[in-house]
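Each chain is listed here by its residues.
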Amino acid sequence: QVQLVASGGGLVQAGGSLTLSCAASGRTFSSYAMGWVRQAPGKEREVVAAISRHGSNTYYANAVKGRFTISRDNAKNTVILQMNSLKPEDTAVYYCAADQGRVITYLSSEYDYWGHGTQVTVSS
């Protein structure tokens, strides 16, 4: 089992940047595919970015391509989501999630472990 703690959310103006971090503990971090999943009020959870176990493959939702970058450091048990050119529609609770069985996944239902969310609010 892996424990996940996300941090770095906050309030930012449109066009600004935020960096989300997820610290993992427990079993070998490199055995998990990782993702960042967001949920806005009244909307379903959406995988915005995902990364494979050793970082060779990444996935981005169309809404964030070119603006968000996911990366991981297996030596430090961390995964980072760099968010640039933020828009009001990026406002959501962002969750760090881990998938034990797949190389990479863009379906929120396939993630096995979840951290507590961190709120990101983008003002216009």
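Refer to the preceding data block for the structure.
So, how was this worked out
Residues numbered from 1 in each chain as written. Predicted model: local features only at pLDDT ≥ 70, side-chain atom pairs only at ≥ 80, totals over all residues. Heavy atoms only, no water. Helix = DSSP H or I, 4+ residues; strand = E, 2+ residues; numbered from the N terminus. Buried < 20%, exposed > 50% of the residue type's maximum accessible area, 1.4 Å probe, protein only. Polar contact = N/O pair within 3.5 Å; in protein donor to acceptor, adjacent residues only side chain to side chain. Contact = heavy atoms within 4.5 Å. Disulfide = S-S within 2.5 Å.

K.L.:
It is not clear to me how the side chain of Thr105 should be interpreted in this structure. Could you clarify?
P.N.:
Summarising the element assignment, Thr105 is placed in the loop between strand E9 (92-99) and strand E10 (113-114). On the basis of relative accessibility, which here comes to 4%, the residue Thr105 falls in the buried class. Among the polar contacts listed, one links the side chain of Thr105 to the backbone nitrogen of Leu107, at a separation of 3.2 Å. In contact with Thr105, other than residues within four places in its own chain, are Val47, Ala50, Asp99, Glu110 and Tyr111.

K.L.:
Would you explain the state of the cysteines in this entry?
P.N.:
In a disulfide, the sulfur atoms of two cysteines are held together by a covalent bond. A complete count under the given rule lists 1 disulfide for this structure. Residue pairing for Cys22: its cysteine sulfur links by disulfide to Cys96, the two sulfurs lying 2.0 Å apart. A torsion of -80° about the S-S bond marks the disulfide between Cys22 and Cys96 as left-handed. Of this pair, Cys22 sits in strand E3 (residues 18-26) while Cys96 sits in strand E9, placing them 74 residues apart in sequence. Look at Cys96 and you get buried, because its relative accessible area is 0%.

K.L.:
Even after reading the chapter, I still don't get unusual backbone geometry, so can you show me in this structure?
P.N.:
Among all residues except glycine, the phi angle is most often negative; among peptide bonds, the trans geometry is most common. Of note in the backbone geometry, Asn77 takes a positive phi value of approximately 55° without being a glycine. With respect to the helices and strands, Asn77 occurs in the loop between strand E7 (68-73) and strand E8 (78-83). Given the relative accessible area of 24%, Asn77 is considered partly exposed. Even without being glycine, Ser85 reaches a positive phi, approximately 50°. Within the secondary structure, Ser85 sits in the loop between E8 and E9. Overall, Ser85 belongs to the partly exposed group, its relative accessible area being 40%.

Limitation: the analysis is restricted to geometry and does not speak to function.
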